[in-house]
Amino acid sequence: MSGHSKWSTIKHKKAATDAKRGKLFTKLIKELTVAARMGGGDINGNPRLRTAVQTARAASMPSENIERAIKKGTGELEGVHYEEVAYEGYGAGGVAIIVNVLTDNRNRSVAEIRKLFERRGGNMGAAGCVAWMFKKKGVLAVEKGKADEEKIIDVALEAGADDVHDHAEYFEIVTAPDTFDDVRDALQNAKIETASAEVALVPDTTVSVSGKDAEHVVKLLDELDDHDDVQTVASNADLSNADTDRLSA
């Protein structure tokens, strides 16, 4: 799990600037629109939309923005048609990377994503070249000090979580995708605040990278994550604690 955890730690530690917030809202609006288009506008009957709405609310997105994005997805308002694409490749040190994209121009996206890979010493591969290394998991993070450790573990496991990992600054709760909503709701009902909650691609095994390779990998992941068309980035990079702290600064 460390590949996901270390990258998540670095992202959590980066300051939330207005520019970053604007990019986050753009990504969330795309996800809301696509989720509503694919599964309808009722959050009770559309788990993907429900997750997107809760994520948007947690990011303090105004309700009118959320409603407008959903109506664009259902066709009540005119909107852009986004296509879902996954790009796969390798970063420095042989790290496997999957980039999930929502785009209205596939040719533009693939060219720009490939350029980012190449600039940081990596390369894009064929579809399926690294996907087999990852599985979908629900991943929730609770910052230490927000709730009692025993309570977090009891609530999470009773709701169906697979495991709870103790990291330096937070607890990571791992679930199967189909129990993710149950665990998130149980934590919410127990008044346990989550710093993040998502269904993510988590690697089965990891690749240790350090020094310059670690720096190139983190810069690539950061630049991919910052791209307007990119929704999520997953990798199997395993960074040392020292590199994680250094690259989070």
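Below is a summary of the structure that appears in this document. Quick caveat, the model's predicted, so the values are computed rather than measured.

**Considering the sheet that holds strand β9 (residues 230-235)**
For step 1, the next point in the chain: Pairing in this open sheet of four strands is antiparallel, and the strands run β3-β1-β2-β9 from one edge to the other. Looking at the sheet topology across the chains shown, the edges are occupied by β3 (123-124) and β9.
For step 2, the next point in the chain: The sheet contacts of helix α8 (residues 211-226) involve β2 (96-103) and β9, and relative to β9 the element is tilted by about 160°.

**A word on the packing of aromatic side chains**
For step 1, the next point in the chain: What the rule picks out here adds up to zero aromatic pairs.
For step 2, the next point in the chain: One cation-aromatic arrangement involves K144 over F171; the distance from NZ or CZ to the ring centre is 5.2 Å.

**As for the pattern of salt bridges**
Close approach of charged atoms lets side chains of opposite charge pair.
For step 1, the next point in the chain: Applying the stated criterion across every chain, the model contains 17 salt bridges.
For step 2, the next point in the chain: R119 serves as the salt-bridge partner of E223, at 3.3 Å between the closest nitrogen and oxygen. With E223 in helix α8 and R119 in helix α5 (residues 106-119), the pair connects residues that are 104 residues apart, well separated along the chain.
For step 3, the next point in the chain: Notably, a salt bridge pairs D166 with K144, separated by 2.5 Å at the nearest N-O pair. Placement of D166 in strand β5 (residues 163-166) and of K144 in the loop between β4 (134-143) and α6 (149-158) is noted, with a sequence separation of 22 residues between them.
For step 4, the next point in the chain: On the accessibility criterion, D166 (48% relative accessible area) is partly exposed.
For step 5, the next point in the chain: Among the ionic contacts, a cluster of salt bridges with common partners joins K30, D104, R108 and D229.

**Section: helix α7 (residues 180-189)**
For step 1, the next point in the chain: For α7, every residue scored as buried is listed here: F180, D181, V183, R184, D185 and L187.
For step 2, the next point in the chain: Residues of α7 that are buried in the fold lie against α3 (47-58), β4, α6, β6 (170-175) and β7 (196-203).
For step 3, the next point in the chain: K191 lies just past α7 and shows a positive phi near 65°.

Cut-offs applied
Residues numbered from 1 in each chain as written. Predicted model: local features only at pLDDT ≥ 70, side-chain atom pairs only at ≥ 80, totals over all residues. Heavy atoms only, no water. Pairing = 2+ DSSP bridges. Helix = DSSP H or I, 4+ residues; strand = E, 2+ residues; numbered from the N terminus. Contact = heavy atoms within 4.5 Å. Axes fitted to C-alpha atoms, helices over the stretch in contact; angles between N-to-C directions. Phe/Tyr/Trp six-rings, centres within 6.5 Å; stacked < 30°, edge-to-face > 60°. Lys NZ or Arg CZ within 6 Å of the ring centre and 35° of its normal. Salt bridge = Lys/Arg side-chain N within 4 Å of Asp/Glu carboxyl O. Buried < 20%, exposed > 50% of the residue type's maximum accessible area, 1.4 Å probe, protein only.

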